Amino acid sequence: MNNWYLSTIDENAHRIAAEHDLGVEIATFCTARNMDENFAERDAALRQQLAGVRKRLLHAPFNELFPCAIDPKARALAAERYRQSIRLAKGYGAAKVIIHGGYHPRIYYPVWYAEQSILFWRDFLKEDPGVQIVLENVLEETPEMLLEIVTGVDDPRLRLCLDVGHVNAYSRVPVRSWLECWAPWISHFHIHNNDGGWDSHSALSEGTIPMKELLTQAIAQCPDASFTLEVPDAAPSVRWMEENIWNLQ
């Protein structure tokens, strides 16, 4: 279970992780203002929670941050916030930073999204971040969109995070097809379920994703990847994992 994490969208994630020797994915800074407002108090509380957890990842902010933004100042803001996230990740001992790809179908054509994101990440990686960056799918409709970006940048410091719940809610392509397409470039997974109608971040047993079959395939095809249970109530999903997956590893 060395590669398994719990997201701190569950306020008890640090306690459950310590009990089960899991890591945590820090979600505190998904909202960028948390890196600025009352930071000293927030940082102190977070460090206290992390004291019993050995393995850490960090989720970067995503609100209004678009690497492919048409406005150069908006693109510069995204880069600034990502640099802040990387500095925090290093300070907390996090090995990876998870960043949303930034696609919005009502704003960007897919061709623009891919071409401009490649330019953004090539420029961003001129300065070594010192951690691995993994790009997460959200509203991307097909796996080819983010894959084109990562293969176009062609840098081992930039890899993919397959969010299986987002695929189930926002893509007509089955999640197992995304996995097969992405497998060589996947470094991380976000694991949660839903009914295919909206991104509910439901427990692993509550939704239309055949989770046991999917995770068995994911572990086989991506043996070095890490996984985060990204659910607001982690305990039921941890029990499900113990009964269905971890006892088989």
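Structure: see above.
The rules behind each value
- Residues numbered from 1 in each chain as written.
- Predicted model: local features only at pLDDT ≥ 70, side-chain atom pairs only at ≥ 80, totals over all residues.
- Heavy atoms only, no water.
- Axes fitted to C-alpha atoms, helices over the stretch in contact; angles between N-to-C directions.
- Helix = DSSP H or I, 4+ residues; strand = E, 2+ residues; numbered from the N terminus.
- Parallel < 35°, antiparallel > 145°, perpendicular 65-115°, else oblique.
- Left-handed = near helix turned anticlockwise from the far one by under 90°.
- Contact = heavy atoms within 4.5 Å.
- Nonpolar A, V, L, I, M, F, W, Y, C, P; charged D, E, K, R; others polar.
- Core = buried A, V, L, I, M, F, W, Y, C linked by side-chain atoms within 4.5 Å.
- Buried < 20%, exposed > 50% of the residue type's maximum accessible area, 1.4 Å probe, protein only.
- Pairing = 2+ DSSP bridges.
- Right-handed = clockwise from strand over helix to strand, strands pointing away.
- Arc of directions from axis to C-beta.
- Salt bridge = Lys/Arg side-chain N within 4 Å of Asp/Glu carboxyl O.

S.K.: For this particular structure, what's the right way to read the packing of helix H3 (residues 72-92) against helix H4 (residues 110-124)?
M.R.: Describing two packed helices takes the angle between their axes plus the distance from one axis to the other. In contact at an axis separation of 12 Å, H3 and H4 are set at 50° when each is read in the N-to-C sense. As summarised for this structure, H3 and H4 are arranged oblique, according to the angle between their axes. Crossing handedness for the pair H3 and H4: right-handed. Here Arg75, Ala78, Ala79, Tyr82, Arg83 and Ile86 of H3 come into contact with H4, specifically with Trp112, Gln116, Phe120, Trp121 and Phe124. Residues belonging to the contact of H3 with H4 are distributed by class as follows: 8 nonpolar, 1 polar and 2 charged.

S.K.: Looking at this structure, I do not really get the nonpolar core. What am I missing?
M.R.: Trp121, Leu135 and Phe189 are the most contacted members of the largest nonpolar core, which totals 77 residues. Ranked by residue count, the leading element in this core is H3, at 7 residues. For Phe189, the residues in contact, after removing those within four places along its chain, are Cys161, Leu162, Leu179, Ala218, Cys222, Ala225, Ser226, Phe227 and Thr228. Formed by 5 residues, the second largest nonpolar core is a distinct cluster that contains Tyr5, Leu57, Val134 and Cys161.

S.K.: Explanation requested: the pairing of strand S4 (residues 94-100) in the structure shown.
M.R.: Look at any regular strand and the pattern is simple: side chains alternate between the two faces of the sheet. Of all 7 residues in S4, 6 are buried; the element is thus mostly enclosed. Inspection of the sheet shows strand S3 (residues 56-59) paired to S4 by 3 bridges, in the parallel sense. Note that in S4 the partner of Arg56 across the bridge is Ala94. Handedness of the crossover joining S4 and strand S5 (residues 132-136) through H4: right-handed.

S.K.: How should I be thinking about the environment of Leu214 in this particular structure?
M.R.: Counting through the fold element by element, Leu214 comes out in helix H8 (residues 211-221). Leu214 sits in the buried class, given a relative accessible area of 2%. For the pair Leu214 and Leu179, spaced 35 residues apart in sequence, the C-alpha to C-alpha distance is 8.8 Å. Residue contacts for Leu214: discarding those within four places in its chain leaves Val164, Val175, Arg176, Leu179 and Ile209.

S.K.: What am I meant to see in helix H1 (residues 13-20) here?
M.R.: Every α-helix carries 3.6 residues per turn, so stepping three or four residues along brings you back to the same face. For H1, every residue scored as buried is listed here: Ala13, Ile16 and Ala17. Angularly, the buried residues of H1 cover 100° about the axis, an arc narrow enough to put them on a single face. Where the residues of H1 are buried, they touch strand S1 (4-7), strand S2 (23-26) and helix H9 (234-244). Positioned one or two residues after H1, Asp21 has a phi angle of 55°, which is positive.

S.K.: I keep staring at the pairing of S1 and nothing clicks. Help me out?
M.R.: Burial along S1 is two-sided: the face carrying Trp4 and Leu6 and the face carrying Tyr5 and Ser7 are both buried. Handedness of the crossover joining S1 and S2 through H1 is recorded here as right-handed.

S.K.: Would you mind showing me how to read the sheet that holds strand S6 (residues 158-163) here?
M.R.: Each strand in a sheet pairs with its neighbour through backbone hydrogen bonds, running either in the same direction (parallel) or in the opposite one (antiparallel). If you trace the 8 strands once around the closed barrel, you get S1-S2-S3-S4-S5-S6-S7-S8, paired in parallel fashion. The average undirected angle you get between the axes of adjacent strands in this sheet is 30°. Against the sheet, helix H7 (residues 175-182) touches S6 and strand S7 (186-191), its axis set at about 165° to S6.

S.K.: Hey, could you run me through the pattern of salt bridges in this one?
M.R.: Enumeration over the complete set of coordinates arrives at 7 salt bridges. Of the charged contacts in the structure, one is a salt bridge between Asp128 and Arg157, with a shortest N-O distance of 3.3 Å. Pair noted here: Asp128 is in the loop between H4 and S5 and Arg157 is in the loop between helix H5 (144-153) and S6, with a separation of 29 residues, a long-range link. Put simply, Asp128, Asp155 and Arg157 are held in one network by salt bridges that share partners.

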